[in-house]
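# Remarks on the overall topology
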Amino acid sequence: MSAGSASDAALDALFVPFATGVLTFPADGRLLMLRARDGFVLRERRRPGWTLQQSFKPAADALARSGFDVSPDVPEGHFGVVMVLPTRQREESRALFAQAMSLAGTDGIVVASVPNAEGAKTAQADLALLAGSVSELSKHKCRVFWTRPGAVADPARLAEWLALDAPQAIEGGRFVSRRGLFAWDRVDTASALLASVLPSDLSGRVADLGAGFGYLACEVVERCAAVSAVDLYEAEARALEPARRNLADAIARSGRAIAGSVRWHDVTHGIDAGYDAIVSNPPFHQGRADDPQLGRAFIAAAAKGLAAHGRFWMVANRHLAYEAALDAAFASVRTVVERDGFKVIEAKEPRR
């Protein structure tokens, strides 16, 4: 089963207890789905008043295209049913369970669905650890499990797990990050390699594509004295607060007047034009499988976003075949360094 089909199966399985009558939707429509994903079953079962939350921009955009109102943030309020599609990061999912329990209160229920191959037993055990015993069933190679009305979370554990979603200091306090982000607790090797060879003469307006918690943008600010503006593009909304804080700190340390912005944006849909330089460590996974098309889309977006004199600096796994996409988008392409399984590439003269 592919990652994509596993994700669809988890969404389908989430609705099985309601389809069979084991559970019922709240009559007042107060249903919340955390990490909602678009799919036929959701469109078929929708009711007025449902609230959908999804922090990953491509998934949120897919929900919006299907006519749903979706928010990147976990809302406040009280809900009779809180559905959860946990992530693969255990501590992030524990925070989701704690948020769900807080929003369901003592008269609501929390129901979750996880593919068997992606840690269903562990996720169920975690919800039971927080809420007491849970009910469960299996369908579509997934496990669906839910609390009972009146379940009360262990207060100490609830507070501990809610805190798991808060920004955390990393790298000796130089940055803040958040569980569940890519390489959330460290500077990843590929980004560090790119930063180590960035030229100090980058200037003007710079963009960081797929910025994460903002490491590369901060390095640009600190290394390149002629940079006047930095825009960070990031599809995961949970990264935005750490990125803003890190960028603001880097600008403050520089002592220069630098304009900065952090944008919740899907780079594959294009970016602003006229940048003097762009840096990127593009994502290369869709689920668990390598998806070089993501990196190729970042390359195309960079070429269109650069001014004619602009430069694109990117890092990628050595085995990913981006050269054809780079040659199609730029007249000048060179590999700057290959080390530790990664390659850094500079591309200039974007083709129009």
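Residues numbered from 1 in each chain as written. Predicted model: local features only at pLDDT ≥ 70, side-chain atom pairs only at ≥ 80, totals over all residues. Heavy atoms only, no water.

### Looking at the packing of helix H8 (residues 189–197) against helix H9 (residues 215–223)
- Interaxial distance between H8 and H9 falls to 10 Å at its minimum, and their mutual angle equals 15 degrees. Relative to H9, H8 is oriented roughly parallel. Taken as a pair, H8 and H9 cross one another with a handedness that is right-handed. Between H8 and H9, the contacting residues are Ser191, Ala192, Leu194, Ala195 and Ser196 on the first element and Tyr215, Leu216, Glu219 and Arg223 on the second.
- For the contact of H8 with H9, the per-class residue count stands at 5 nonpolar, 2 polar and 2 charged. (Axes fitted to C-alpha atoms, helices over the stretch in contact; angles between N-to-C directions. Helix = DSSP H or I, 4+ residues; strand = E, 2+ residues; numbered from the N terminus. Parallel < 35°, antiparallel > 145°, perpendicular 65-115°, else oblique. Left-handed = near helix turned anticlockwise from the far one by under 90°. Contact = heavy atoms within 4.5 Å. Nonpolar A, V, L, I, M, F, W, Y, C, P; charged D, E, K, R; others polar.)

### Quick notes on unusual backbone geometry
- The phi dihedral of histidine 140 is positive, around 55 degrees, even though this residue is not glycine.
- When you line up the elements, histidine 140 lands in the loop between strand S6 (135–139) and strand S7 (142–146).
- The backbone of glutamate 349 sits at a positive phi, close to 55 degrees, despite the residue not being glycine.
- Of note, glutamate 349 is situated in strand S18 (residues 342–350).

### What about the packing of aromatic side chains?
- Scanning all chains against the criterion turns up 9 aromatic pairs.
- With a centroid separation of 5.9 Å and 15 degrees between ring planes, the pair formed by phenylalanine 312 and phenylalanine 330 is classed as stacked. Of this pair, phenylalanine 312 sits in strand S16 (residues 306–317) while phenylalanine 330 is found in strand S17 (residues 330–339), placing the two residues 18 residues apart along the sequence. The pair phenylalanine 312 / phenylalanine 330 is uniform in exposure class, with both members buried.
- By way of ring pairs, the aromatic residues Phe15, Phe18, Phe25 and Trp50 are connected into one cluster.
- For the cation-ring pair, arginine 46 lies above phenylalanine 68, with the distance from its terminal atom to the ring centre recorded as 4.1 Å.
- The cationic tip of arginine 205 hangs over the ring face of tyrosine 275; the distance from NZ or CZ to the ring centre is 4.2 Å. (Phe/Tyr/Trp six-rings, centres within 6.5 Å; stacked < 30°, edge-to-face > 60°. Buried < 20%, exposed > 50% of the residue type's maximum accessible area, 1.4 Å probe, protein only. Lys NZ or Arg CZ within 6 Å of the ring centre and 35° of its normal.)

### Notes on the nonpolar core
- In this structure, Val230 and Leu232 are the most contacted members of the largest nonpolar core, which totals 40 residues.
- When contributions to this core are tallied by element, the ones reaching two or more residues are H8, H9, strand S11 (226–234), helix H10 (240–254), strand S13 (275–280), S16 and S18.
- For this core, the element with the highest residue contribution is H9, accounting for 6 residues. (Core = buried A, V, L, I, M, F, W, Y, C linked by side-chain atoms within 4.5 Å.)

### Concerning H8
- Residues Ala190, Ser191, Leu193, Leu194 and Ala195 constitute the buried set of H8.
- Packed against the buried residues of H8 are H9, S13, S16, S17 and S18.

### A word on the packing of helix H5 (residues 90–104) against helix H6 (residues 120–131)
- Packing of H5 against H6 leaves a shortest axis separation of 10 Å and a crossing angle of 40 degrees. For the element pair H5 / H6, the angle class is oblique. Judged by the twist between their axes, the crossing of H5 over H6 is right-handed. Between H5 and H6, the residues in contact are Arg90, Arg94, Phe97, Ala98 and Met101 and Thr122, Ala123, Asp126, Leu127, Leu129, Leu130 and Ala131, respectively.
- Here the residues of the contact of H5 with H6 sort into 8 nonpolar, 1 polar and 3 charged.

### Looking at the sheet that holds strand S5 (residues 109–115)
- Strand order in the open sheet made by the 7 strands is S3-S2-S1-S4-S5-S7-S6, with mixed pairing throughout. The open sheet has two edge strands with one neighbour each: strand S3 (70–71) and S6.
- Examined bridge by bridge, strand S1 (residues 31–34) and strand S2 (residues 51–53) share 3 bridges and lie parallel to one another. Residue pairing in the sheet places methionine 33 in a bridge with leucine 52 of S2.
- Against the sheet, H6 makes contact with S5, S6 and S7, and its axis sits at roughly 5 degrees relative to S7, the strand it touches most. (Pairing = 2+ DSSP bridges.)

### What about the sheet that holds strand S12 (residues 259–264)?
- On the basis of which strands lie adjacent, the open sheet formed by 7 strands has the order S12-S11-S10-S13-S16-S18-S17 and mixed pairing. The two strands at the open ends of the sheet, each matched to only one other strand, are S12 and S17. Each adjacent strand pair in this sheet contributes to an overall mean axis angle of 15 degrees, direction not counted.
- Bridge count between S17 and S18: 8 bridges; the pairing is antiparallel. The residue bridging valine 337 from the neighbouring strand is valine 344, located in S18.
- Strand contacts of H9: strand S10 (203–209), S11 and S13, with the helix running at about 180 degrees to S11, the strand carrying the most contacts.

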